[in-house]
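Now for the letters of each chain:
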Amino acid sequence: MSALLELQSVSQRYGDKTVVNDMSFTLQQGEIACLLGSSGCGKTTVLRCIAGFEPLAGGEIHLAGRRIASVASSVPAHLRQIGMVFQDYALFPHLNVQENVGFGLGKLGRSEREARVMAVLEVVGLAAYAQAFPHELSGGQQQRVALARALAPKPELLLLDEPFSNLDVDLRERLSREVREILKSQGTTAILVTHDQHEAFAMADKVGVMHQGQLQQWAPPYELYHEPASRYVADFIGQGAFVPGKVTGPRCVTLELGEYCSAVPRQFAEGDEVDVLLRPDDVVHDDASPVTAKVLGKVFRGSEFLYTLQLASGQQVLAQVPSHHNHAIGEPIGIRLELDHLIAFRRQPS
Amino acid sequence: MSRLHTLVIPWLLACLIALCTIVPLGVVMLSALTPDPAIWSHLIEFTLPELFKNTAIMLLGVSAVVLLLGVSLAWLVAVYDFPGRRLFNWALMLPLAMPAYVMAFAQVGLLEFTGPVQTWLRPHFDDMRWFPEIRSSWGLVLVMSLAFYPYVYLLSRNAFATMGRRALEVGQSLGLSRSQGFWRIALPMARPWIAGGLILVVMESLADFGTVAVFNYDTFTSAIYKAWFALFSLDTAKQIASLLVMLVFVVLVLEQRSRGRRAYAQAGRAAPQPRLPLAGWRGWAATLAAASVLLLAFVIPMLQLLYWASLDFANQFSSDFLGYAWRSVSLSLIAAVLVTAIALVLAYLVRRQGSRAMRNLARVATMGYAIPGTVLAVGVFVPVAWLDNQIIAAMGWQGEVTAVLKGTLLAMLLAFVARFLAVAYSSVDTAMNRITRSHDEAARNLGYSGWALLRRVYLPLLSGGLFTGVLMVFVDVMKEMPITLMTRPFGWDTLSVRVYNMTAEGMWDQAALPAIAIVLVGLIPTILLSRQRDVA
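Residues numbered from 1 in each chain as written. Chains lettered and ligands numbered in written order. Predicted model: local features only at pLDDT ≥ 70, side-chain atom pairs only at ≥ 80, totals over all residues.

A.B. asks: Explain the sheet that holds strand E5 (residues 66-70) of chain A here, please?
C.D. replies: Backbone hydrogen bonds are what pair the strands of a sheet, in a parallel or an antiparallel way. All names here are of chain A. Strand order in the open sheet formed by four strands is E2-E1-E4-E5, with antiparallel pairing between adjacent strands. Among the strands making up the open sheet, the edge pair consists of strand E2 (17-28) and E5. Pairwise comparison of adjacent strand axes, ignoring direction, gives a mean angle of 20° for this sheet. Pairing between strand E4 (residues 58-63) and E5: four bridges, direction antiparallel. Bridging from a neighbouring strand, Leu63 pairs with Arg66 of E5. Its contacts with the sheet place helix H1 (residues 43-51) against strand E1 (3-14), E2, E4 and E5, and it is angled at close to 65° to E2. (Pairing = 2+ DSSP bridges. Helix = DSSP H or I, 4+ residues; strand = E, 2+ residues; numbered from the N terminus. Axes fitted to C-alpha atoms, helices over the stretch in contact; angles between N-to-C directions. Contact = placed C-beta atoms within 7 Å.)

A.B. asks: What should I look at first to understand the sheet that holds strand E15 (residues 283-285) of chain A in this one?
C.D. replies: Residues and elements named next belong to chain A. Within the open sheet, the five strands sit side by side as E15-E19-E16-E17-E18. Their pairing is antiparallel. Of all strands in the sheet, those with a lone pairing partner are E15 and strand E18 (316-322), marking the two edges. Sheet twist, expressed as the average angle between the axes of neighbouring strands with direction ignored, equals 50°. In terms of strand pairing, strand E16 (residues 292-300) meets strand E19 (residues 332-337) through three bridges, oriented antiparallel. Across the sheet, the residue bridging to Lys294 is Pro332, located in E19.

A.B. asks: Before we go on, may I ask you to explain helix H4 (residues 100-111) of chain B in this structure?
C.D. replies: Quick reminder: α-helices carry 3.6 residues per turn. Residues three or four places apart thus point the same way. Residues and elements named next belong to chain B. The end-to-end C-alpha distance of H4 is 16 Å, a good match for the 16 Å that twelve residues give at a rise of 1.5 Å each. The buried fraction of H4 is high, at ten of twelve residues. Residues of H4 that are buried: Ala100, Tyr101, Val102, Met103, Ala104, Phe105, Ala106, Gln107, Val108 and Gly109. (Expected span 1.5 Å × (residues − 1). Buried ≥ 20, exposed ≤ 12 C-beta atoms within 10 Å, placed from the backbone.)

A.B. asks: In this structure, what is going on with the interface of chain A and chain B? I would like to understand it.
C.D. replies: In many analyses, interface size is given as the accessible surface area lost on bringing the parts together. Taken together, the contacts link 26 residues of chain A with 23 residues of chain B. Secondary structure elements with two or more residues in the side of chain A that touches chain B: strand E6 (82-85) and helix H4 (139-151) of chain A. Among the elements that make up the side of chain A that touches chain B, the one with the highest residue count is E6 of chain A (three residues). Split into classes, the residues belonging to the side of chain A that touches chain B amount to 17 nonpolar, eight polar and one charged. (Nonpolar A, V, L, I, M, F, W, Y, C, P; charged D, E, K, R; others polar.)

A.B. asks: Looking at this structure, how should I read unusual backbone geometry?
C.D. replies: Glycine aside, residues mostly have negative phi, and peptide bonds are mostly found in the trans state. Residues and elements named next belong to chain A. Here the phi dihedral of Ala90 falls at roughly 50°; this positive angle occurs in a residue that is not glycine. For Ala90, the position within the fold is in the loop between E6 and helix H2 (97-101). Residue classification places Ala90 among the buried residues on the basis of 27 C-beta atoms within 10 Å. Its identity is not glycine, yet Gln212 carries a phi of approximately 50°, on the positive side. Relative to the assigned elements, Gln212 resides in the loop between strand E9 (206-211) and strand E10 (214-219). Residue Gln212 is classed as partly exposed on the basis of its 15 C-beta neighbours within 10 Å.

Shown next, in the form of structure tokens:
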């Protein structure tokens, strides 16, 4: 299968400042990808480069086998057949829903256009609002109109810039699920940009973590969480604590809590000092365990507690514990490690 | 507190304020209900066809040119980057400081047969008949457009700045090129703001008195003046004024209609967008376009005025000039403080009462801004003259006294209250709305009430709005010509009256110094406004 979208060493600069640096990834037909990163990491710029709103300072972009952008030449944005959902939706206030959605269908005949508009509105569940004006709709409805408008011309690729950031949390979760279903049902290839990892995990087949203009890792959410490629990704995705350890064999590490063996990254030699990432779900509460840790803090989350624990050495770790185990602060509790994925990085000189 | 305090007094005050507008307007409109057949047959036969034709040419011409200049300059400055953009961004508003009648005589003086342009060209050509006559309808349209385009520029620039480049991007993501995006998205989206600016321009053109006087171009305003001061027929003036008011209302209704169901609240929020650079010759072409408008609409007329003033400065800067200046400043200051104080009372009443009826009353009271000054002058003079006669009859002064209030500052100030209350009210009301109910409650909770509340909370929070109100009314009265001219006490000439008298004689150089003084005062709010709205 050939890639639908391919970025080859793409760079972008504003003046002297490099905003995107040597970025490469590929996206297959029908996949949904997500660029994830904190604000100012360059993720929106990448999206705008793909859309054709920013010139490239280096590299090339290919879409469906043709080169759409390079340093020397680029296909104008309006000829790329790339749809976009803007962060602020950018609906046209002077047009009603039907006219908004039909806006990009100028080439179709009248009856064809109307049929396509109604079909897309049906897909996003807004067929009843065809005559309404944008200001008469709720935020979530406006968002879906924006999606319908971008989908109507059947773009080869759909870009979504922080599509849910203007919505409140409950709506965000529901809509991200709905949007994923819509995109999948249409077989749309899409890239969205977000700073919210829950949104990225809920929506995307592939997630690209960006930091200071660099792509840190390009992988499915599961891999990103359990096999982070860099310390930054390990830190940025999910929660956890780094504890010191020593490599004792080709597959094993000794920690304060004992020796653990699994697929240790190959670049380590025996005797190397490493930091091992312990996720809250790696630390299991077990009253029978001989190892205990003192409760330093706790957050009740309904179905579980998140405990901050202190080991004998003073090292702190996080533990996710079923909500029936209500322990007081200062109380020692038994713990053991369940390390299915051993994530280790060379010790940083502190 | 008694019912009298809580109910009767607020309403009494509000009605009294509203009467300043209702009475003049009512006097004029009632005359439309009791038409005099003799006057009307004369009007229909000799006057009205010309007036309607002239007004139509003026409005259509000015609207077209103003749209072209205002919208295209706004688009350039808001969306693109080119050499000098930051300067043009605010400098293109400078013509707001120059009243249209000043622009008018400066341009006529420049371009007429004896003016410097034709004098300079003449040796180079055998025949100068190709040079267009400035004293014509196209000359008037050009001058008014140069004076009024900033209204359209200002409003559409703000609209384009918030959504211009975004509109292009949305268009591109839907397969539209940039130029298609401008015509199909940016322009329709900015339509309400463009239309808002255009309405202001149409109202200013309809109300204009000084410019058409310089051009000797008869419109409703000059016809009202002539009927009163040349034919001495106040009744004819009233009848023409009623027609002008109806015209104004037609424009307002059309504006309301055109909006329809579409509310143009912006959907979503837009982040500030970086501008598109215009490289090479395109950038310099944009600079040239903006610079030539700025030169024609401000720099050149201003230089012409300064040149005239310098010719005979020692003579002109005399006690006469200081007298005009002193009367202008004192009149403007009294009017500004009075009008702003009344606006404060009205805004406070609306806030405390909060009822729909009170808000509507405030709306009526501030309606005068849409009414041309010539109409208000007639509308104020008639009831004041009637009151004078009543007083004289009641006191038995017949024969000894002919005027009590007529031709006093008081009558003039009443007309200014009607005309400019909206200016002060909008800034005071904006400031008042920034004081939330919780501010009120927080202060009460901390033990302040009554005067202490007013002094410690309201006045500090309102001071900015009050200052703006005083400043805006001050400048407006300074520039105002028809009301001052038609209702001033005998011999009470101000700067704008002096400009009128001199330009009526074609003595441009004599009008230059008072005109410069008016422009300098007008620059204050223009610069404040442009600095404030400088969108990064």
